[in-house]
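Below are the chains, spelled out letter by letter.
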Amino acid sequence: MPEAIGGYFELELRTGLTPYPDAVGFNCARSALTALLQARAAPCLHLPHYICHAVVEAAQAAGSRLQPYAIDMKLELPQLPELDAGERLLYVNYFGLKDAYVEEVLAPHYGDRLIVDNSQALFSTPLPGIATLYSPRKFVGVADGGWLANPPDRLGTLPPSQSTHRFGALLGRLESSPEDHYLAFAEAEKALCLTPVSAMSNSTRRLLDSLDYTTIADRRKANFTYLREALDRYNQFEPGLTAVQAVALCYPLLLGSKAQTQHVRQALRTERIFIPCYWPEVADAAHSPDLERHLADCVLPLPVDQRYGHEHMQRLVDRVHWHMSTY
Ligand SMILES: Cc1ncc(COP(=O)(O)O)c(C=O)c1O
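Residues numbered from 1 in each chain as written. Predicted model: local features only at pLDDT ≥ 70, side-chain atom pairs only at ≥ 80, totals over all residues.

Chemist: Can you walk me through the overall build of the chain in this structure?
Modeler: Looking only at helices and strands, the chain features 12 helices and nine strands. Against the 2.2 N^0.38 benchmark of 20 Å for 327 residues, the chain shows a C-alpha radius of gyration of 20 Å, consistent with a compact globule. If you line up the chain on its principal axes, its C-alpha atoms span 65 × 55 × 35 Å. Within the span of the chain, comprising 327 residues, buried residues form 37% of the whole. (Helix = DSSP H or I, 4+ residues; strand = E, 2+ residues; numbered from the N terminus. Rg over C-alpha atoms; globule rule 2.2 N^0.38 Å. Buried ≥ 20, exposed ≤ 12 C-beta atoms within 10 Å, placed from the backbone.)

So, in structure tokens, the structure goes:
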């Protein structure tokens, strides 16, 4: 078909800003993982207990046997397992705070047998030769999409995908409250789980190519620093975890008990401060070690994103303090 000339306009977006122009675009990060494992024929994948069930399902869909591993309070592996031929190890760059560990410990040890899951670390650049996953919608306003940096050679052609029907919650939140569109958001997420491995849609690709990543990163860093200075003394994570120059997903505040965490999360919600839970399925799984269960129960991932500034962070800290003190 010849290229269209004239007629009505599409949504008008800047171009040329994508952070990972060489990465392969998928409909979501889990598709990127399934395709990677299939192309590499990995019979066994070591992956953390502390991970979202979507990743577990993506690895199972590729036919890999799963070997779960435990982490410690630094969110690191207490011992590095030896890998047999064909085995891989996936590590999550938790909250976007584990760049140094990936670069200085895991990458030198495992080389290309390491898979880095940067779904929580959009701004952490891939290391040479190491397959790296991204899930941009956890950081910016797109409805779907995933990237695989340093893909294998034999990835094959991906079927196309479309996102038009998933824009409802994104547009809705521009026009009215998030509560009004939460159902549409949750349904779009559920439907995305059921879509087969496919390429990133053109609309998502164009949106991701139009964003001001420098401003986004600066705002996240400033917000993270604000929360770190205000809340580190209450945080049961070691101070080293948050003492990094990173563009984080969130500020992870680890509290002492499940009951206190539930109290604070619920109280914040009544004030329209919405804090997710990573990941309820880990807390519920019978095989989860105690620490992973504790993390799933007791981490409050506080938002530091680019929509917010100093005054929002002040309110957030004030309300967190208050609800911690009233427990
Ligand atoms: C650590 C991690 N990796 C990967 C994924 C999957 O990302 P996507 O929803 O883009 O498939 C998730 C999902 O929430 C996640 O938490």
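Once the structure has been displayed, the description carries forward.
Chemist: Before we go on, may I ask you to explain the environment of Thr132 in this structure?
Modeler: One can find Thr132 in strand E6 (residues 132-134). Spatially, the C-alpha atoms of Thr132 and Asn118 are 6.5 Å apart, while their sequence positions differ by 14 residues.

Chemist: Before we go on, may I ask you to explain the site of the ligand in this structure?
Modeler: Surveying the vicinity of the ligand reveals 13 residues, the closest of which are Cys28, Ala29, Arg30, Ser119 and Ser135. Of all elements in the fold, only helix H1 (29-40) and helix H2 (53-61) reach the threshold of two or more residues within the shell around the ligand. Grouping the amino acids of the shell around the ligand by side-chain chemistry returns seven nonpolar, four polar and two charged. (Near = placed C-beta within 6 Å. Nonpolar A, V, L, I, M, F, W, Y, C, P; charged D, E, K, R; others polar.)

Chemist: Can you walk me through the domain arrangement of the chain in this structure?
Modeler: Many descriptions give the size of an interface as the accessible area lost when the pieces come together. Domain assignment breaks the chain into domain 1 (24-208) and domain 2 (213-325). Look at where the C-alpha atoms of domain 1 and domain 2 centre, and you get two points 21 Å apart. If you look at the interface, domain 1 gives 18 residues, while domain 2 gives 23 residues. Counted by class, the side of domain 1 that touches domain 2 contains 11 nonpolar, four polar and three charged residues. (Domains from an automatic or database assignment. Contact = placed C-beta atoms within 7 Å.)

Chemist: Is there a simple way to think about the environment of Thr15 in this case?
Modeler: Mapped onto the fold, Thr15 is located in the segment before strand E1 (24-26). Look at Thr15 and you get exposed, because 8 C-beta atoms sit within 10 Å. C-alpha separation for the pair Thr15 and Leu122, spaced 107 residues apart in sequence, amounts to 19 Å. Dropping the residues within four chain positions of it, Thr15 is found in contact with Asp209 and Ser210.

Chemist: How should I be thinking about unusual backbone geometry in this particular structure?
Modeler: Negative phi values dominate among residues other than glycine, just as trans dominates among peptide bonds. The linkage connecting Tyr278 with the following residue, Trp279, adopts the cis geometry, with an omega of -15 degrees. Secondary-structure assignment places Trp279 in the loop between helix H9 (258-270) and helix H10 (280-284). Non-glycine residue Ala41 carries a positive phi angle of around 45 degrees. Following the sequence through the fold, Ala41 ends up in the loop between H1 and strand E2 (44-48). The class for Ala41 is exposed, based on 12 C-beta atoms found within 10 Å. For Asn150, which is not glycine, the phi torsion reads 55 degrees and is therefore positive. Locating Asn150 in the fold gives a position in the loop between strand E7 (146-149) and helix H4 (168-175). Using a count of 19 C-beta atoms within 10 Å as the deciding quantity, one classes Asn150 as partly exposed.

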